[in-house]
Amino acid sequence: MSDSSPARPAAPVLEVWCELQCPDCRHALDDLRALRARYGDRLELRLRHFPLEKHKHSFAAAQAAEEALEQGRGWPYVEAVLGRVEELDRRGEAFLVEIARELGLDAEEFDTALIDGRHILIVDADQAEGKAIGVTGTPTYVIGGERLDGGKSQEGLRERVEEIADRLLAEREG
């Protein structure tokens with residue numbers, strides 16, 4: 001008997017616990033691009049924030065990423081900031097606003113968002129949830145209930161994510 005309901009189950013979710021001042025997260029960009037190229041919208045990549053205290057601009061960067069998401073350019077913004085981690089180290093919030101301007105986003109709104117702290121609760125909630133599920137460093141991936149820690153080594157991680165994603169997609173498609 002065929003299922004006539006038009007609703008398909010939601011795409012599997014890959015949560016990417018990330019910190020925008022983290023060199024290891026920059027190295028993970030190639031894997032994330034490859035996963036997006038392979039799966040497209042069959043796999044939802046969800047950015048989760050885990051700013052580390054050792055990086056003084058990481059909390060502001062997480063808030064800026066949320067503002068970029070709100071303005072419709074979340075991943076391009078994340079990739080642009082991660083691609084220039086050293087500049088973020090040196091220049092802090094001015095750099096975050098400059099990237100917004102380079103991407104054609106409303107830079108004034110970024111500046112205001114960083115001042116008024118409108119995205120702090122989202123970042124705090126992500127960080128608390130990350131700690132609760134055992135995230136200790138970045139990048140960390142969570143897919144299909146499995147946590148994969150890329151902070152120590154990213155060797156073989158993309159392959160593992162693909163194995164799990166393929167299994168979840170096969171289960172979904174029945």
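Residues numbered from 1 in each chain as written. Predicted model: local features only at pLDDT ≥ 70, side-chain atom pairs only at ≥ 80, totals over all residues. Heavy atoms only, no water.

K.L.:
What am I meant to see in the packing of helix α5 (residues 93–102) against helix α6 (residues 107–116) here?
P.N.:
Between two packed helices, the angle of one axis relative to the other and the distance separating the axes together describe the packing. Relative orientation of the contacting elements α5 and α6 amounts to 150°, with a least axis distance of 8 Å. With respect to their mutual orientation, α5 and α6 come out roughly antiparallel. The two elements α5 and α6 cross, and the hand of that crossing is right-handed. Along its contact with α5, which presents Glu93, Leu96, Val97, Ala100 and Arg101, the element α6 presents Ala107, Glu108, Phe110, Asp111 and Leu114. Grouping the constituent residues of the contact of α5 with α6 by class yields 6 nonpolar, no polar and 4 charged. (Axes fitted to C-alpha atoms, helices over the stretch in contact; angles between N-to-C directions. Helix = DSSP H or I, 4+ residues; strand = E, 2+ residues; numbered from the N terminus. Parallel < 35°, antiparallel > 145°, perpendicular 65-115°, else oblique. Left-handed = near helix turned anticlockwise from the far one by under 90°. Contact = heavy atoms within 4.5 Å. Nonpolar A, V, L, I, M, F, W, Y, C, P; charged D, E, K, R; others polar.)

K.L.:
Help me understand the side chain of Gln21, please; the structure alone is not making it clear to me.
P.N.:
With respect to the helices and strands, Gln21 occurs in the loop between β1 (13–18) and α1 (23–39). Of note is the side chain of Gln21, whose polar atom sits 2.9 Å from the backbone nitrogen of His57. A polar side-chain atom of Gln21 sits 2.5 Å from a polar atom in the side chain of Asp89. What Gln21 contacts, discounting residues up to four positions off in sequence, is His55, Lys56, His57, Ser58, Val85, Leu88 and Asp89. (Polar contact = N/O pair within 3.5 Å; in protein donor to acceptor, adjacent residues only side chain to side chain.)

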